[in-house]
Amino acid sequence: PLFAIALIFMAVGILTMLFWHHPSLPELTDGVANTHPDGLPIFPMMFVSIACGAISGFHATQSPMMARCMTSEKYGRPVFYGAMITEGIVALIWAAAATYFFHTDEGTALFAASSGNDNAAIIVNSITRDWLGTLGGLLAVLGVIAAPITSGDTAFRSARLIVADFMGVEQRSLRKRIYISVPLFAAGLVIIFCLPFQTMWSYFAWMNQTLAMVTLWMITAFLNRHGRNRWVGLIPATVMTYVCSSYVFVSPLMCGMRDRAVAYLLGGAVTLVLLIILIFKMRRDAKSLP
């Protein structure tokens, strides 16, 4: 409950202060200008950078844990859909706050001092302390901390269950859970201390959205198999497929193609191939139904 209260306070407080300061946001007022310091394109980078927004792969992995907290299946829509919309709103609020912050003297100095490697924790602390005071900043930081804590818990829990599933190791006993958890924690520590945060976040964000893409295709196949409206899954699944495919060719951490037109065409080609394959699969599934 404390984390939920802190999250609500953080979102409302930051949004209120945005209206209070009514900042000028060149990204919007100057014709939706792209002010990325490295000149990376808005698409698909924005859709991958804001990986914990409205369409997030972790919403798929968190569903089993959230489902266990519900007393009735009828709460599924308000809980899952409500959480998705709420997280999307919080992401947009923080994106606007961070955009404003980096156009202030303090934000510019912080960015220059870190040589472009901005520290998310310092940014959160600076914004919340200046806008919400000590107590408000503390509650806001608690709300921000809740996100990586739950994401980390979800990631390790999901990895443990996946490993246990393909190795055939039951997970009822604590001892067998530890057998799998310890190596996973060790691998996590190696990643944390051996990879730069920005690099790790970029790969994590892309995998997060790729997970969302796969989940959307699964939803589409499920709706198709049961004779329901598959378009509600097919359209976002196709969009996320193009986002994830284009990122592979555009991102400097992957192919890093400088010819953006060719990169977008290759992303579109991959999306089209996957779309055709999955459409044929859904048609075969529909014919096999009684």
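Given the structure is predicted, the values throughout are model-derived calculations rather than measurements. (Residues numbered from 1 in each chain as written. Predicted model: local features only at pLDDT ≥ 70, side-chain atom pairs only at ≥ 80, totals over all residues. Heavy atoms only, no water.)

Draft legend 1. Layout of the nonpolar core. In this structure, Met45, Val48, Trp206, Met213, Trp217, Leu234 and Tyr247 are the most contacted members of the largest nonpolar core, which totals 19 residues. When residues of this core are traced back to their parent elements, those giving at least two are helix 3 (42–49), helix 9 (197–225), helix 10 (231–250) and helix 11 (260–288). No other element matches the eight residues that helix 10 contributes to this core. Discounting chain neighbours no more than four positions away, the residues touching tryptophan 206 are Val48, Cys244, Tyr247, Val248 and Met254. Counting ten residues, the second largest nonpolar core, distinct from the first, contains Ala97, Tyr100, Val124 and Ile127. (Core = buried A, V, L, I, M, F, W, Y, C linked by side-chain atoms within 4.5 Å. Buried < 20%, exposed > 50% of the residue type's maximum accessible area, 1.4 Å probe, protein only. Helix = DSSP H or I, 4+ residues; strand = E, 2+ residues; numbered from the N terminus. Contact = heavy atoms within 4.5 Å.)

Draft legend 2. Looking closely at the pattern of salt bridges. For the coordinates displayed, the defined rule picks out one salt bridge. In this structure, lysine 176 and glutamate 170 form a salt bridge, with 3.8 Å as the shortest nitrogen-oxygen distance. Judged by relative accessible area, glutamate 170 falls into the partly exposed class, the value being 34%. (Salt bridge = Lys/Arg side-chain N within 4 Å of Asp/Glu carboxyl O.)

Draft legend 3. Highlighting helix 3. What helix 3 keeps buried is the set Pro44, Met45 and Val48. For helix 3, the buried positions fall inside an angular range of 115 degrees around the axis, keeping them on one side. Where helix 3 is buried, its residues touch helix 9, helix 10 and helix 11. (Arc of directions from axis to C-beta.)

Draft legend 4. Geometry of helix 5 (residues 76–101). If you check helix 5, its first and last C-alpha atoms are 37 Å apart, about what 26 residues at 1.5 Å a residue would give, namely 38 Å. Those residues of helix 5 not exposed but buried are Gly76, Gly88, Val90, Ala91, Ile93, Trp94, Ala97, Tyr100 and Phe101. (Expected span 1.5 Å × (residues − 1).)

Draft legend 5. Seen up close, the packing of aromatic side chains. On inspection of all chains with the given rule, the structure shows four aromatic pairs. Consider the rings of phenylalanine 43 and phenylalanine 47, whose centres lie 5.4 Å apart with planes at 70 degrees: the pair is edge-to-face. Of the two residues, phenylalanine 43 and phenylalanine 47 both sit in helix 3, four residues apart, roughly one turn of that helix. The class for phenylalanine 43 is partly exposed, based on a relative accessible area of 25%. Here a set of aromatic residues connected by ring pairs shows up, and it is made of Phe43, Phe47, Tyr242 and Tyr264. (Phe/Tyr/Trp six-rings, centres within 6.5 Å; stacked < 30°, edge-to-face > 60°.)

Draft legend 6. Structural view of the packing of helix 9 against helix 11. Following both chains from N to C, one finds helix 9 and helix 11 inclined at 30 degrees, their axes separated by 9 Å at the closest point. By the criterion of interaxial angle, the relationship of helix 9 to helix 11 is roughly parallel. For the crossing formed where helix 9 meets helix 11, the hand is right-handed. Here Trp217, Thr220, Ala221, Asn224 and Arg225 of helix 9 lie close against helix 11, whose contacting residues are Leu275, Leu278, Met282, Asp285 and Ala286. Grouping the amino acids of the contact of helix 9 with helix 11 by side-chain chemistry returns six nonpolar, two polar and two charged. (Axes fitted to C-alpha atoms, helices over the stretch in contact; angles between N-to-C directions. Parallel < 35°, antiparallel > 145°, perpendicular 65-115°, else oblique. Left-handed = near helix turned anticlockwise from the far one by under 90°. Nonpolar A, V, L, I, M, F, W, Y, C, P; charged D, E, K, R; others polar.)

Draft legend 7. Focus on the environment of arginine 230. Take arginine 230: it is sitting in the loop between helix 9 and helix 10. Separated by eleven residues in the primary sequence, arginine 230 and isoleucine 219 have C-alpha atoms spaced 8.2 Å apart. Leave out the neighbours within four places in its chain, and arginine 230 touches Thr220, Leu223 and Asn224.

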